[in-house]
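# Secondary and tertiary structure notes
Single-letter residue listing:
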Amino acid sequence: MVSGGLTCRPTRRNEQGMTQQTTSSTRPLRVSRAQAPLSGSIRVPGDKSISHRALMFASLAKGTTHISGLLEGEDVLCTAAAMRALGADAVQEGPGQWRVSGPGVGQLKEPDNVLDMGNSGTAARLLSGILASHGMTSVMTGDASLRRRPMKRVMDPLAGTGATFLAREGGRLPMAIRGLADPKPLDYRLPVASAQVKSAVLLAGLNAVGETRVEEPVATRDHTENMLRHFGAEVSVEKTPDGGRIIRLQGRPNLVARDVAVPGDPSSAAFPLVAALLVAGSDITIFGVGLNPLRTGLFTTLQEMGAQLEILNARTEGGEPVGDLRVRASALKGVEVPPERAPSMIDEYPVLAVAAAYASGVSRFCGVEELRVKESDRLAATVALLENNGVRTAVEGNDMVVYGTAGHIPGGGKVETHMDHRLAMSASVMGLVAEKPVEIDDTSFIETSFPQYLDLMNSIGAGFVA
């Protein structure tokens, strides 16, 4: 059993990939109503989901992969550190520019220390699939927030490969994994829609002889399938009559290095986008945003609410659809979001709830139970975010109901972020349109997914004062 810790959270990496110590502390923020429209053109950081996968797949491919646009938030740097510990050579060559060479499928080495995944549930769950299918013993941990999140949803299917897992009660980190060099292929039907569980099973299948089959009840983000094909794996997808999908992967492919261009993260674009919709007179453009149809539920929903949201210069880059978004201030109305749309916008519900709070009428978000197992219990935390600032809400079964204020969010409350970056950013957007200032207990965790968020928002006129 390994001991000690390989941490990424207190460090940054210089251009040679060497660690540099930094300090981290609580950073509260008080946000007052915007005094002028938001305007200008911006780019948001690279897509976090694709960035994690790019580092992992490049480490499993033969040859050298060059990645451009990689998100360099703390979550992704933790993935880079983990892949180095497993034998890959991952070096930053410039801002967002990385060179990765790996030993190949089945050839990763046992890490000398505990793998620290920071705040990233995506990285922890996907890496579990890789570790379960390599003949080694490894241990994963994370920050206080990640250690509260359940890993049993990946432990259970991955145990079918023959791997052994040992975790705290409820399947929580730290978690030890004893993987197999000759794992069994899996045939697994997801009980609930989860791109992370699907991806973990497919990653385990890379080093298994034969076909790995995953059936999902509702289509979830397909970045893993797209990237598997990009690196040379044989993957097929079949739609089921009830709206689900069956994904088949042929094991032990010869993955070959291929360059990856990471598009702007639609989940990150959500915050300046919603802010521009709500602040009167605003008109902004966000360049190079990923438009994968399994990630754009928020854009569809906002357009249904009356948003002036245009997609310009639509194109394909690195196998993913990309476009520029022009967003203008709009009068929004309440909407009902169907449960089948939830997987395509699960990370965007907190900021959508802010938009619904500012809109006219009632909004109902159906089937959002997955919010209960995110970085925080996002369902409860989003309700508290709104109610502490004078917005009426309700939770009815697995639905969240928001009663719009027709542009009159009272504000004046304090938001507890629970170490959740998306709650902190959603609260900052609400503060720009609330009648009284909004107090946010901590914004330090925003760095996990959106480096320089406050600076970027200030570049279009937000006026945040840290």
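In this report, we go over the structure that sits alongside the text. As the structure is a computational prediction, the values presented were derived from the model and not from experiment. (Residues numbered from 1 in each chain as written. Predicted model: local features only at pLDDT ≥ 70, side-chain atom pairs only at ≥ 80, totals over all residues. Heavy atoms only, no water.)

## A look at the layout of surface pockets
- The computed volume of the second largest pocket comes to approximately 290 Å³.
- Lining of the second largest pocket is provided by 19 residues; of these, Arg43, Val44, Gly46, Val262 and Gly264 occupy positions nearest its centre.
- Looking at the lining of the second largest pocket, the elements that each hand over two or more residues are β17 (283-290) and β18 (308-317).
- The residue makeup of the lining of the second largest pocket, split by class, is ten nonpolar, six polar and three charged. (1 Å grid on protein atoms, 1.4 Å probe; cavity = no way out; pocket = protein on both sides within 12 Å on 5 of 7 lines; lining within 4 Å. Points joined across faces, edges and corners; volume = space filled by probe spheres on them. Helix = DSSP H or I, 4+ residues; strand = E, 2+ residues; numbered from the N terminus. Nonpolar A, V, L, I, M, F, W, Y, C, P; charged D, E, K, R; others polar.)

## Observations concerning the side chain of Ser49
- Along the polypeptide, Ser49 turns up in helix α1 (residues 48-60).
- For Ser49, a relative accessible area of 8% translates into the label buried.
- One polar contact links Ser49 to Arg221, side chain to side chain, over a distance of 2.7 Å.
- Each residue touching Ser49, except ones within four places of it in the same chain, is listed here: Arg221, His223 and Arg295. (Buried < 20%, exposed > 50% of the residue type's maximum accessible area, 1.4 Å probe, protein only. Polar contact = N/O pair within 3.5 Å; in protein donor to acceptor, adjacent residues only side chain to side chain. Contact = heavy atoms within 4.5 Å.)

## Considerations on the packing of helix α7 (residues 266-278) against helix α11 (residues 421-431)
- Between α7 and α11, whose axes approach to 9 Å, the crossing angle comes to 15 degrees. Compared by their axis directions, α7 and α11 come out roughly parallel. The hand of the α7/α11 crossing is right-handed. Side by side, α7 and α11 meet where Ser267, Phe271, Val274 and Ala275 of the first sit next to Arg422, Met425, Ser426 and Val429 of the second.
- When its residues are assigned to classes, the contact of α7 with α11 shows five nonpolar, two polar and one charged. (Axes fitted to C-alpha atoms, helices over the stretch in contact; angles between N-to-C directions. Parallel < 35°, antiparallel > 145°, perpendicular 65-115°, else oblique. Left-handed = near helix turned anticlockwise from the far one by under 90°.)

## Focus: the sheet that holds strand β14 (residues 235-239)
- In space, the four strands of this open sheet follow the order β12-β13-β15-β14, with mixed pairing throughout. Because the sheet does not close on itself, it has two edges, and the strands there are β12 (187-189) and β14. For this sheet, the mean inter-axis angle between neighbouring strands, taken without regard to orientation, is 10 degrees.
- In this sheet, strand β15 (residues 245-250) lies alongside strand β13 (residues 211-216) in antiparallel orientation, the contact comprising six bridges. In the sheet register, Val214 faces β15, and the bridge partner there is Ile247.
- The strands touched by helix α5 (residues 195-205) are β12, β13 and β15; relative to β13, the strand with the most contacts, the crossing angle is about 175 degrees.
- Across the face of the sheet, helix α6 (residues 223-230) comes into contact with β14 and β15 while running at roughly 145 degrees to β14. (Pairing = 2+ DSSP bridges.)

## Regarding the sheet that holds strand β20 (residues 336-337)
- As summarised here, the arrangement of the four strands in space is β20-β21-β23-β22, forming an open sheet in which the pairing is mixed. Among the strands making up the open sheet, the edge pair consists of β20 and β22 (393-396).
- Bridging between β22 and strand β23 (residues 399-403) involves four bridges; their strand directions are antiparallel. Residue pairing in the sheet places Glu396 in a bridge with Asp399 of β23.

## Observations regarding the packing of aromatic side chains
- For the coordinates displayed, the defined rule picks out five aromatic pairs.
- Look at Phe57 and Phe231: their rings are 6.2 Å apart centre to centre, the planes differ by 20 degrees, and that puts the pair in the stacked class. Separated by 174 residues along the polypeptide, Phe57 in helix α1 and Phe231 in the loop between α6 and β14 bring together distant segments of the chain.
- Given a relative accessible area of 1%, Phe57 falls into the buried group.
- Residue classification places Phe231 among the buried positions, given a relative accessible area of 1%.
- On the numbers, 6.3 Å between centres and 35 degrees between planes, the contact of Tyr453 with Phe464 is tilted. Of the two residues, Tyr453 is situated in helix α12 (residues 453-459) and Phe464 in the segment after α12; the sequence distance between them amounts to eleven residues.
- Residue Phe464 is classed as buried on the basis of its relative accessible area of 7%.
- One aromatic cluster is present, formed by Phe271, Phe450, Tyr453 and Phe464 through successive ring pairs. (Phe/Tyr/Trp six-rings, centres within 6.5 Å; stacked < 30°, edge-to-face > 60°.)

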